[in-house]
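Structural overview for review
What follows is the residue order along each chain.
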Amino acid sequence: MVLSTIVEPITDFVAQEPKIAGLIIGLIAAAIISSVTNVGAMGIVWLERKVLGDMTNRFGPSRVGTRWGILQLVADAIKLFTKEDSIPRGADKPVYVWAPIVACMTTMLVAAVLPWGALNIGGVVYPLVAVNMDISAFFVEAALSLMAIAAFMAGWGSNNKYSMLGAFRGIARMISYEVPMGICVISVAVMAHSLNIVEIVEAQSIWYIIAQPLGFVIFMIALITDLGRVPFDQSEAEEEIIAGYVTEYGGIRWGLLYFQEYITMLLGSVLLVHLYLGGWNGPTIPVITILSPMIWFLMKVILVLVFLIWVRGSLIRFRIDQVTDLGWKWLLPLSLVNLVWAVAIGMYFA
Amino acid sequence: MSSEMMAVDYYIPLIMFLIVGALTPIGAMAVVKIISPLKPTFRKGATYEGGISPIRDALIQYNVQYYLIAIAFVIFDVEVLFLYPWIYIYTSEVIPTLGGVSIAILGMATFIIVLLIGLLYDIKKEALRWV
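Residues numbered from 1 in each chain as written. Chains lettered and ligands numbered in written order. Predicted model: local features only at pLDDT ≥ 70, side-chain atom pairs only at ≥ 80, totals over all residues. Heavy atoms only, no water.

1. Let's talk about the overall build of chain B
Cut-off, in case you're wondering: Put simply, DSSP H or I for four residues or longer makes a helix, DSSP E for two residues or longer makes a strand, and each gets a number counted from the N terminus. Taken over C-alpha atoms, the radius of gyration is set against a globule rule of 2.2 Å times the number of residues to the power 0.38. The cut-offs for exposure are 20% and 50% of the maximum accessible area for each residue type, with area from a 1.4 Å probe on protein chains only; residues under the lower value are buried, those over the upper are exposed, and the others partly exposed. Only the protein chains shown count as cover for residues, with accessible areas throughout obtained via the Shrake-Rupley method and a probe of 1.4 Å. We treat Lys and Arg as the positive residues and Asp and Glu as the negative residues; His and chain ends play no part in the count. Taken as the charge location is NZ of Lys, CZ of Arg, CG of Asp or CD of Glu.
Scanning chain B for helices and strands turns up three helices and two strands. Ordered by position from the N terminus, the helices and strands of chain B form the series α-α-β-β-α. Its C-alpha atoms give chain B a radius of gyration of 26 Å, more than 25% over the compact-globule value 14 Å for 131 residues. Within chain B, buried positions represent 33% of all 131 residues. Roughly 8,600 Å² of accessible area belongs to chain B as shown, and the carbon and sulfur atoms make up 70% of that amount. Considering chain B, the positive charge centre built from 8 side chains and the negative charge centre built from 9 side chains are found 25 Å apart.

2. Quick word on the overall build of chain A
What counts, and what does not: Between two residues, a contact is recorded if the distance between any of their heavy atoms is within 4.5 Å.
Helix and strand counts for chain A come out as 14 helices and two strands. Scaling as 2.2 N^0.38, a compact globule of 350 residues should have a C-alpha radius of gyration of about 20 Å, and chain A matches this with 21 Å. Reported as C-alpha extents along the three principal axes, the dimensions of chain A are approximately 60 × 50 × 45 Å. Taking all 350 residues of chain A together, the buried fraction comes to 55%. A separation of at least 24 residues holds for 75% of the contacts in chain A among residues at least 6 apart in sequence.

3. Comments concerning the side chain of A:T225
Examined against the element boundaries, A:T225 turns out to sit in helix α10 (residues 213-227). For A:T225, the contacting residues outside a window of four places in its chain are A:R173, A:Y177 and A:F232.

4. Comments concerning the pairing of strand β1 (residues 118-121) of chain A
Basically, it comes down to this: Think of it this way: DSSP has to see at least two bridges between two strands before they count as a pair.
Residues A:A118 and A:N120 point to one face of β1(A) and are all buried, whereas A:L119 and A:I121, pointing to the other face, are not buried. Counted between consecutive antiparallel strands, the loop separating β1(A) from strand β2 (residues 124-127) of chain A contains two residues, among which A:G122 sits at a positive phi close to 60°.

5. Digging into the interface of chain B and chain A
Formally: Each of two parts loses accessible area, computed with a 1.4 Å probe, when they are put together; buried area is these two losses added. Salt bridge, as applied in this entry: a Lys or Arg side-chain nitrogen positioned within 4 Å of an Asp or Glu carboxyl oxygen. Any pair of nitrogen or oxygen atoms within 3.5 Å is treated as a polar contact; in protein, a donor-acceptor pairing is required on top of that, and neighbouring residues in sequence qualify only through side-chain atoms on both sides. Amino acid classes used here: Ala, Val, Leu, Ile, Met, Phe, Trp, Tyr, Cys and Pro are nonpolar; Asp, Glu, Lys and Arg are charged; the rest, including Gly, are polar.
Each side of the interface is counted separately: chain B has 66 residues, and chain A has 77 residues. Between chain B and chain A lies a buried interface of about 6,600 Å² when both sides are counted; carbon and sulfur atoms form 77% of it. The three residues of chain B that bury the most area against chain A are B:F17, B:Y84 and B:W130, which together make up 12% of that side's buried surface. Run the count over chain B and chain A and you get zero salt bridges. Taken together, the links from chain B to chain A amount to five residue pairs in polar contact (both at pLDDT 80 or more). For the side of chain B that touches chain A, the secondary-structure elements that each account for two or more residues are α1 (11-35), α2 (65-89) and α3 (103-124) of chain B. In terms of residue count, α1(B) provides more of the side of chain B that touches chain A than any other element does, 19 residues in total. Here the side of chain B that touches chain A is built from residues that sort into 51 nonpolar, seven polar and eight charged.

6. Quick look at the environment of A:A192
All names here are of chain A. Its location among the elements puts A192 in helix α7 (residues 161-192). According to the relative accessible area criterion, A192 is buried, its value standing at 12%. Spatially, the C-alpha atom of A192 lies 8.5 Å from that of G346, the residues being 154 residues apart in sequence. In this structure, A192 is in contact with I200, A203 and Y208, ignoring residues within four places of it in sequence.

7. Considerations on the pairing of β2(A)
A regular strand places its side chains on the two faces of the sheet in alternate fashion. Bridge analysis of β1(A) against β2(A) gives four bridges, and the strand direction is antiparallel. For A:L119, the partnering residue across the bridge sits in β2(A) and is A:Y126.

8. Focus: the pattern of salt bridges
Residue and element names in this part refer to chain A. This model, assessed by the stated rule, comprises seven salt bridges over all chains. As a salt-bridge pair, R312 and E48 come within 3.1 Å of each other at their nearest N and O atoms. Of this pair, R312 sits in helix α13 (residues 292-314) while E48 is found in helix α2 (residues 18-55), placing the two residues 264 residues apart along the sequence. According to the relative accessible area criterion, R312 is partly exposed, its value standing at 31%. Owing to a relative accessible area of 3%, E48 belongs among the buried residues under this scheme. A salt bridge links R319 to D321, with the shortest nitrogen-to-oxygen separation between them at 3.0 Å. Members of the salt-bridge network, linked through shared partners, are E48, R229 and R312.

9. Some words on helix α12 (residues 251-276) of chain A
Residue and element names in this part refer to chain A. Note the cut-off: Take the number of residues in a helix, subtract one, and multiply by 1.5 Å to get its expected span.
An ideal rise of 1.5 Å per residue puts 38 Å on 26 residues; α12 measures up with 38 Å between its terminal C-alpha atoms. Where burial is concerned, most of α12 is hidden: 24 out of the 26 residues are buried. Phi turns positive one or two residues past the end of α12, at G278, with a value near 75°.

As C-alpha cells, then:
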C-alpha cells in the first residue's frame, strides 16, 4: 500500500517524460556506479599490493591502518592531493589535461552498461544494470578500446620521447588484440543469440568456459593486453621507457590515470565473468536467497582479479614485437577457429 | 521501465554517466588547485629525458610500418563489424539454403577465407613485423 503510493507517481513520470526521467535515473545510477567502481578499484589496489607482497616474500602495506595496511590508500590519496600540480613547459596543454578526463569518461561509459550483479527476489533474478541496451557486449568492447585513445593522448600531449614510445606501443598493442577480442565476443554472442550481456548470462546454462575453452583462453590473453598489465604492459615498461605514457604526469593527474587502470581491470574482470563464467549463475544458497546471485557474482569477480594479480606476480614482460606477433599470427586465426566451433555447436543444438 | 523503450532512450542516461565521469577528475583537480602549493620554476617545467636537457621535440614523424599495421587493423575491424549483425540472422529460417547449409553461413565463410588469405599475404610480406 505504502509502496504503491511511492512507486506509482514515479512510473507515471517515467511514462510521461521519458527523456527527463532518463536523465534523472542516469544521474542517480552514475553516482552509485561511480562510487562502486572507485571503492572497488581501491580494494583492488590494496589487494594487489598485499598479494604481490606475499608472492615476493614481503609484507606489502602493513603500517597505516592496522597490520593489514587498509588505510594505505587513504594516505596515498592525501599525498597525491597535496602534491604540486606541475605541467611541463613543452606539453601540448589541452591534450595533456584532457587525457585523464577522457580516461574517466571511458570507464564510466563501460560501467554504465555492465551488470553489477543481480538480486533474487521471490525466485526471479533481477540484474543490477544501469543501462540495459540490446548491444551492450558490442558497446563495452567499443568503449574499452577508447582507453587506448586516452593513453595516446597522454603520450602525445606530454611531448616526451619516452611517453611517445609508450603511446605508439599502446596503440599497436590495442589494435593487435582488438580483433581477436571482438571475434571472441562474437563467438559468445553466436551461442547466446544475443549481444545483450544480461541475455548472454541468462543463456549460460553451461558456462561458456566449458563450451568454448579456446575462446576463453584467447579472450583472457586479449583482455590482459587490453588492460595493459604484465606480461603485456609494454606501453609503460619501467625498465625500458621510464614509465611510458605517464612519464610526464605527476601528482593527482598521474593518480587519476593510474586509478583508471585499476577501474578498467575491475570492468574487464566483470566482463570476463559475464561472458565466460556464467555471471551471477550458481546454485541458490539457502537462508540468504535474495543475495545468492550477488555472492556468486562477487566470488567469481574476486577469483578473476586474484588470477590477474597472480599472472602479474609470476610472468615477465614480453618484447613488443613478440606481442604484436602473438596477436596477429596466433590469436587472430585461433579466434576464427573458435568462431567456427561456436557456430557448429550453435547449429547442432539449435 | 517499459520493455518497449525507444532505441535512442538507452543513450540518454549515458549522457549523465559522461558528465559524472568528466566531473570526477575536474573536481579532483580543483581540490588540488586549492590545497596544494604551486611554485613553478624553470627546471621543474623541463621535459624529463634521463637527467640531460631534452634534445629536440618528441613529436616526430612515425615509421611507415605503423601505417601498414593500422591498415591491417582497419581491414579486420571492418570484418568484425560485419560479423556483429550476422549473429542475429545466421540461424534465420528465411534465408535460402544451398546443399542444406544456410547461405548466410556460406557467405560469411567465403568472406573470412578471403580475408585469411589476405592475412597470410600480410604475414609473408612481413607487413605486420614490428620495427
